[in-house]
Structures are given as structure tokens and as C-alpha cells.
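# Notes for the structure review
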Protein chains: 2
Amino acid sequence: MLIAIDAMGGDLAPYEIVKGAIIAARELKVAIALVGHPEAIQGTFQALQKEGLGHQDLDIKIVPSYQVVEMGEHPATALRKKKDASIAVTARCVAGKEESLPKADAMVAAGSTGAAMASALFNIGRIQRVIRPAIAVMLPSSVAGKNCMLIDAGANTDSTPDMLYQFAKMGHVFMKDVRGIAKPKIGLLNIGSEPGKGNAFVNAVYPLLAEETGLNFIGNIEGRDLFKGVVDVAVCDGFSGNIALKSAEGLAGMFSALLKQELKQSWQSKLGALLSKKAFAGVKKHIDPDEFGGALLLGLRGNCVIAHGGSKAGAIVNAVRVAKEAVQAGVLQTIHSDLAADLGADSLEEGVLSL
Amino acid sequence: MLIAIDAMGGDLAPYEIVKGAIIAARELKVAIALVGHPEAIQGTFQALQKEGLGHQDLDIKIVPSYQVVEMGEHPATALRKKKDASIAVTARCVAGKEESLPKADAMVAAGSTGAAMASALFNIGRIQRVIRPAIAVMLPSSVAGKNCMLIDAGANTDSTPDMLYQFAKMGHVFMKDVRGIAKPKIGLLNIGSEPGKGNAFVNAVYPLLAEETGLNFIGNIEGRDLFKGVVDVAVCDGFSGNIALKSAEGLAGMFSALLKQELKQSWQSKLGALLSKKAFAGVKKHIDPDEFGGALLLGLRGNCVIAHGGSKAGAIVNAVRVAKEAVQAGVLQTIHSDLAADLGADSLEEGVLSL
């Protein structure tokens, strides 16, 4: 199994990315193609070698690319200008149409989610019959070992009910085949739990999910249920999903900032904070996005995992793990056959969306 | 100034409500009408008297009502059946059309926001030219003394751009006249900060806010900005606002639960927690909804403040304070003249929405 990694993406590239790639190759026993500036990657290899992290015994190759899409750039515009950007070449490895590039089973990229999505859509394309791909994010919960997949977390600004039906199906397949949950509980993100609550849009989505016998749809859920382990998949449009995700992030940031301020107020609480250090680290680890392997792009004809912009080596290793599990579980094939069974015909062409 | 309070609303009614009313009458120097079952209220008076909290020197009267809308009931259905429900009578005091009821300047109610909104809409009605009233919630932030008003937090499931324009205006008036912020910063809740981001709906709202010279519109904000003191008013449709609010609540609940779990793991952290007790209390106080005086219903022809279902006396006192400040600032008159100036004509009739 070969995983292509954009070595130049993210705030801490290439150092943390290359480091994560080496650890992932060793621990997860996968081959890795590092896409990026060869000299930058070689220089990082040497630095890591000095730190005792060698890679000579591992199956890691360099795929040259001399351009980078920066975090602030508009994804589509940047990709039109920089045809050879590392993120685009990484996606083309998964597409597997060029003899000069190794054929990869999955891609991992840190940094701009928009650039990764645009590269993947343009070069890899959608699974047949998928209207639009979605970004799926694993949320932590107060119940140990329980995560909730939020889908769509922001790939699509305007959605149709049919799209949310497909998001539910894709989330179901992933949580079943990759996470091993026999009957993943599906909830529709709404502003009340009773049927009939919410706006016209979610009321059009509800029956589509309720009438699909292949889904374990438990009904509407509210924002506060996202972190309680109530469902395995929370389905929503990308606008609402992004609002939910970022509002929760904002609250977490405020909570941490306030706690830090308050703990500095007296010597008692300073000492208390010192004694509670391990407990704080435990909470941090629990809600650390690094631990969840980043966001998944579901609905593409290739496995794509996006780590956040500030990813360190550990986040890259987790992202590679998620990518490997998705490849092994054959998630793409199952999504494809699930949606094919729904429509019963090859009515939609195998398409690549234009940017 | 007379404030009508629903003595029977909320999980801890009538005890905490009556207690809060007595404290508010004394501290804030307002007259209060307690609406509810006379015997229940009298019994609470006696119990509080024994605890040393007398009310004989205060201007507090009882307005009899023998029905209650329970938390689980559908607001409109319950109100049709229970014409004499305490929440409806409280609203009718503000409406001031019945000689048998005292004329109140504002109402305060704990419990079902839906029942309060329905009662107020039906009995008090909207300010002339207001398309739909909104629920405004004050959010805490990591910056001391800075709050952000989230409007609409869930009164309306489906909204039009014109409604959001009015929400912005109402939020502006409240933060200026009640909170004393000379030029309140207004942000549009979106999924990216650059202009042009987001769905078709917010892109239709953006120019309405940007072109209004009377508003200090700073552009799009993201969910994570809600708790950073970046804006004074965050404008959104009720669906998005409710998702943002409840997702943040959910994250806060998870954070607290995890912290409690982790602090129990060792004697060091148990001791640490004990020493940090004051710091934790400080954080809790900072994000405690009791401190913010509950939600405001803006756009009605009466001042309405809603405290949450679990309100204790302190939350009621804060809610009365907010109501008093709104009355003193003449918020309703300013909203009315602001919106009248916009439209330039009395084209819209002074209406009461049907339920």
C-alpha cells in the first residue's frame, strides 16, 4: 500500500510532515511517497537522521514538485496558476493516470482544506453518482472511545436534501467498515429533537433518512448532542456543520483562556494547576484534533485525509492510519455500490467537477 | 416601573422565582407583579419570611393565574388550551389592554422560550414594521467585560435577508442604548471571513448590512469569533444561531465532564482541584448564563426577558435588571423610529402575528 503525502503543506512543513511520514512508514508498515521540493525533503531527512530518526530501511520515495499553494491563497485560483503545486501532484498520484508518478492508494495533506478538496476534485473526481463530496470530521465526546462524525463540516455552502441523504450513507459506510460499528446511529443536526422541528430544508431531509431502511436513523439531534456520544454520524449541510464546528472550537478556546487566566490569580491555584497538570493534559489529549486523524474527504474516487494546518508529526501519523484503514476496508467501493443500488442505473456519467 | 414576572415558570418555580423577585424589588427599586397561583406564591412568601427574606416593605403584588404551561408542552397548542396560563397573563400585563390586570413596563419569564415568545407575540404583538421578532442571547468572551449578542438564537426557523437586516438594527440599538457602546461592531455569522464566502442566503444579507451607513458593519465572522470579543452583535438566521449556541454549550459540557473525570484520577490532581477551586468557580461564573440576564425577545411591542429553565433567584434578578435597563433606555421606541426611518412610510399595519 502506497500513501502519497504532501510534504510541503501545513505551517510546520516540511519538517513535521517528513518526520510523521517516517514514523508512519515504520509503525504502520506502509510505503510512502513524499511530494515536494526534493532538496527541502532531503535536507529534512538529514536533520532527522542526526536526531536518530533514520529512513533508509523504509519504503519512502520522493516525488518532485517545485510549487506550493500557500494557506492564504484562493484554492482554485492558486491551482490554476500552479499546475505543479505539491498538493496537486499528490492528488495526481492517487488519480494514477500519469506514468511518471507512482500510483498511490490514498493521499494525506496538511494545510488548506480548500486546496486539498479542489485538487482532489479536479484530479481524482467524484465516485460515480455522488452529487458532491463532503468533509467529515471526527468529534470527541464525553464518553470514552465514542466519536461522532460530523458530515458535512464545510465542503458545500449550498446543499440539497439529496446531498445530505448521500452524506448519511457515506458516513454510515465509513463508521461501519472502518470503525467497526455494526449499525451506526445516524442523527440529523437540527434545532430541536422532535420530528417536524427546524427549517424547511431539514424537514425535506428528514423523510429521506427516515425511509431508508439501510440506515439506523434515530431522528433529529441538537448541537449539544454532538459531544455526548448520542450518535455515530451527525448529518448536516456544510454551512451548519461549519458553524457548529467553529462555534465549539471558539468555546473551547475561551474555556482554556479563562482557565489559564483564573489559575494565575493566586499561589494556591498556581500550585493547584501544577498538581493537576496531568489532568489538564488528559483533557487536552482527549479533545486534541491530532488524535482523531483529521478530516476525511468522502465521495471522491480516492481516499483523502486532511490534517489541520498546524499538524505535527503525530497528526500526520494518525492521518496515515485513517487513510490506511479506509483503503483496507474498501470504503470507496462500498460507497459506490451502495449509491449504485439506490439509483439502479448508470444514469450519471463518471464525472470530474470543474472548479 | 412595574415588571411582571411569571412566578410559575422554570424548573425551580415558584420558590426561586419569588425569591429573585423580592431581591430584585429591593436592589433594583422596581415594583413587581408576580403572576401565578396565589396560594403557591403566598406559601413561598411565608417560607422566605422564615428564612429572613421579608417583602412587606416592597411594592410586590400578586396577579392570580391558575394554569401553567409545562416545559414539555407544545407552546401554541398549550396556549390555545390554557388561556389563563401564567405566561399568557404575564404577557397580557405588558399588553395593558385589560383593566383587571396591572399595566407592566416589561415581563420576565423563566422556562419555555417557545411559550414566552408565543404568548408575547399573541398578546403584545410586534413593533410596527418588524417582520419577525428575534431571540437575542448574550455570549461570554475571553475578553473581560466584552459580550457578544447573538441574534437570532432560534426564534425563526426560516428567515429572509430583510429579517437579518432588522435583527442587526435591533441589536445595534440595544447594545448602544442599553450597553452604552457608542458604535457597536456588527458581524455576519458565516463560514469564512472574506466577503463572498458562504451560502446564497448570507451573500444576500451581506450587502444589506454593508450599505447601511447607520451600522458599524465589520463584515463576516466565523463561529470561533463569537467568544473572542471581536464583535458586539453577531447576526444570523435562527437556525444557524441555535446550532452555534447549542454546539458551544455541548462543547462546554464535554469540557467540564472531562475535566471532572481527569481530576479524579490521582490524589495529586484531587488536591490540585481543591486548591484551584476558586479558579474553577471563576471560570464557571464567567460562562454562567445566570450572569447575563437571559435571552431578550427583540422586536415586540413590550420588553421581554427570558431566563433559562433552571433559573435560580440570581438569574431572575439579572433578568429584571436587563428588563429595567431596556425600559429606561427606551429601546422599543428607538427600534420603532429606526425602522420607520428606513421604510419612510406607514405601509405596514401594526399587527399581531397569529400563532
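The notes below deal with the structure included here. This is a predicted model, so every value here is computed, not measured.

### Brief notes about the overall build of chain A
If you tally the helices and strands in chain A, you get twelve helices and eleven strands. Rg of the C-alpha trace for chain A: 21 Å, near the compact-globule value of 20 Å for 355 residues, within the 12% margin. A buried classification covers 57% of the 355 residues belonging to chain A. Put simply, 72% of the contacts in chain A that link residues at least 6 apart link residues at least 24 apart.

### Digging into the sheet that holds strand β6 (residues 148–151) of chain A
All names here are of chain A. Overall, mixed pairing links the eleven strands, which are arranged β3-β2-β1-β4-β11-β10-β5-β6-β9-β7-β8 in an open sheet. Two strands bound the open sheet, and with one partner strand each, they are β3 (60–64) and β8 (216–221). For this sheet, the mean angle separating the axes of adjacent strands, direction not counted, is 25°. For strand β4 (residues 106–110) and strand β11 (residues 303–307), the ladder comprises five bridges, and the chain directions are parallel. Pairing of V108 across the sheet is with V305, part of β11. Taken strand by strand, helix α6 (residues 161–177) contacts β5 (134–139), β6, β7 (185–189), β9 (233–235) and β10 (295–298), and its axis lies near 170° from that of β9.

### With respect to the interface of chain A and chain B
Contacts between the two partners involve 52 residues from chain A, matched on the other side by 52 residues from chain B. With both sides pooled, the region where chain A packs onto chain B buries about 4700 Å², and carbon together with sulfur makes up 74% of that total. When the buried surface of chain A facing chain B is broken down by residue, I191(A), F239(A) and F255(A) rank first, second and third, together holding 15% of it. At the boundary of chain A and chain B, one finds four salt bridges. The closest approach of N and O atoms between R224(A) and E249(B), which form a salt bridge, is 2.9 Å. Across the contact surface, chain A and chain B share twelve residue pairs in polar contact (both at pLDDT 80 or more). Where the side of chain A that touches chain B is concerned, the elements lending two or more residues are α7 (200–210), α8 (238–263), α9 (267–275) and α10 (277–287) of chain A. At 21 residues, the largest contribution of residues to the side of chain A that touches chain B is made by α8(A). Taken together, the residues of the side of chain A that touches chain B sort by class into 26 nonpolar, 19 polar and seven charged.

### Notes on the relation of the copies chain A and chain B
With an RMSD of 0.0 Å, the fit of chain A onto chain B corresponds to turning through 180° and sliding 0.0 Å along the axis. When the rotation and shift are considered jointly, the pair of chain copies conforms to a two-fold rotation axis. No C-alpha of chain A lies nearer the rotation axis than that of G272(A), which sits 1.8 Å from it. By residue overlap, the copies meet face to face through one surface: 100% of the interface positions of chain A are interface positions in chain B.

### Let's talk about the sheet that holds strand β5 (residues 134–139) of chain B
All names here are of chain B. Spatially, the eleven strands line up as an open sheet ordered β3-β2-β1-β4-β11-β10-β5-β6-β9-β7-β8, and their pairing is mixed. Only two strands of the sheet have a single partner each, and these edge strands are β3 (60–64) and β8 (216–221). Strand after strand, the sheet turns through a mean of 25° between neighbouring axes, direction not considered. Relative to β3, strand β2 (residues 31–36) is paired through five bridges, and the arrangement is parallel. Along β3, the bridge assignment pairs V35 with V63. Against the sheet, helix α4 (residues 86–95) engages β1 (2–6), β2, β3 and β4 (106–110), with an angle of about 165° to β4. On top of the sheet, helix α11 (residues 313–329) reaches β1, β4, β10 (295–298) and β11 (303–307); it is set at about 160° to β11, its chief contact.

### Digging into the pattern of salt bridges
All names here are of chain B. Here the structure, examined in full by the defined rule, presents 20 salt bridges over all chains. Residue K146 is joined to D232 by a salt bridge in which the shortest nitrogen-to-oxygen separation is 3.0 Å. Of this pair, K146 sits in the loop between β5 and β6 (148–151) while D232 sits in the loop between β8 and β9 (233–235), and the two are 86 residues apart along the sequence. Judged by its relative accessible area of 3%, D232 falls in the buried class. Of the charged contacts in the structure, one is a salt bridge between K176 and D177, with a shortest N-O distance of 3.3 Å.

### Re the side chain of S141(B)
Structurally, S141(B) can be placed in the loop between β5 and β6. Overall, S141(B) belongs to the buried group, its relative accessible area being 1%. Reaching out from S141(B), the side chain makes a polar contact with the backbone nitrogen of V143(B) at a distance of 3.0 Å. There is a polar contact of 3.0 Å between the side chain of S141(B) and the backbone oxygen of K146(B). Contacts of S141(B), omitting those with residues within four sequence positions, involve M254(A), L258(A), K146(B), F227(B), K228(B), G229(B) and H286(B).

### Here we look at the packing of helix α6 (residues 161–177) of chain B against helix α7 (residues 200–210) of chain B
Residue and element names in this part refer to chain B. Taken N-terminus to C-terminus, the directions of α6 and α7 make an angle of 45°; their axes are 9 Å apart at the nearest point. Classified by the angle their axes make, α6 and α7 are oblique. Where α6 crosses over α7, the handedness of that crossing is right-handed. Packed against α6, whose contacting residues are P161, D162, L164, Y165 and A168, the element α7 presents F201, A204, V205, L208 and L209 at the interface.

### Points about the packing of aromatic side chains
Residue and element names in this part refer to chain B. A complete count under the given rule lists three aromatic pairs over all chains for this structure. Judged by centre distance (5.1 Å) and plane angle (75°), the ring pair of Y206 and F217 falls under edge-to-face. Here Y206 is found in helix α7, whereas its partner F217 is found in strand β8, with eleven residues between them in sequence.

### Overview of a positive patch on the surface
A grouping of K260(A), K264(A), K270(A), K284(A) and K312(A) is seen on the molecular surface, where their side chains present a positively charged patch. With respect to the helices and strands, K270(A) occurs in helix α9.

### Thoughts on the environment of K228(B)
All names here are of chain B. Structurally, K228 is set in the loop between β8 and β9. For K228, a relative accessible area of 43% translates into the label partly exposed. For the pair K228 and S142, spaced 86 residues apart in sequence, the C-alpha separation works out to 5.6 Å. If near-sequence neighbours (up to four positions away) are discounted, K228 is found in contact with S141, S142 and V143.

### Things to note about α7(A)
Of the residues making up α7(A), those classed as buried are V202(A), V205(A) and L209(A). Angular distribution of buried residues about the axis of α7(A) spans 60°; they occupy a single face of the element. In this fold, the buried residues of α7(A) make contact with α6, β7 and β8 of chain A together with α8 (238–263) of chain B.

### Some remarks on the packing of helix α1 (residues 15–28) of chain B against helix α2 (residues 38–50) of chain B
Residues and elements named next belong to chain B. At a closest axis distance of 10 Å, the pairing of α1 and α2 adopts a crossing angle of 65°. Classified by the angle their axes make, α1 and α2 are roughly perpendicular. In terms of crossing hand, the pair formed by α1 and α2 is right-handed. Taken together, the residues of α2 that come into contact with α1 (itself represented by Y15, V18, K19 and I22) are I41, T44, F45 and L48. Of the residues in the contact of α1 with α2, the class split is six nonpolar, one polar and one charged.

Conventions adopted
- Residues numbered from 1 in each chain as written.
- Chains lettered and ligands numbered in written order.
- Predicted model: local features only at pLDDT ≥ 70, side-chain atom pairs only at ≥ 80, totals over all residues.
- Heavy atoms only, no water.
- Helix = DSSP H or I, 4+ residues; strand = E, 2+ residues; numbered from the N terminus.
- Rg over C-alpha atoms; globule rule 2.2 N^0.38 Å.
- Buried < 20%, exposed > 50% of the residue type's maximum accessible area, 1.4 Å probe, protein only.
- Contact = heavy atoms within 4.5 Å.
- Pairing = 2+ DSSP bridges.
- Axes fitted to C-alpha atoms, helices over the stretch in contact; angles between N-to-C directions.
- Buried area = accessible area lost by both parts, 1.4 Å probe.
- Salt bridge = Lys/Arg side-chain N within 4 Å of Asp/Glu carboxyl O.
- Polar contact = N/O pair within 3.5 Å; in protein donor to acceptor, adjacent residues only side chain to side chain.
- Nonpolar A, V, L, I, M, F, W, Y, C, P; charged D, E, K, R; others polar.
- Least-squares fit on C-alpha atoms with pLDDT ≥ 70 in both.
- Parallel < 35°, antiparallel > 145°, perpendicular 65-115°, else oblique.
- Left-handed = near helix turned anticlockwise from the far one by under 90°.
- Phe/Tyr/Trp six-rings, centres within 6.5 Å; stacked < 30°, edge-to-face > 60°.
- Patch = residues over 30% accessible without salt bridge, like charges linked within 9 Å, V, L, I, M, F, W, Y side chains within 5 Å.
- Areas by Shrake-Rupley, 256 points an atom, 1.4 Å probe, with all protein chains shown as cover.
- Lys, Arg positive; Asp, Glu negative; His and termini not counted.
- Charge placed at Lys NZ, Arg CZ, Asp CG, Glu CD.
- Arc of directions from axis to C-beta.

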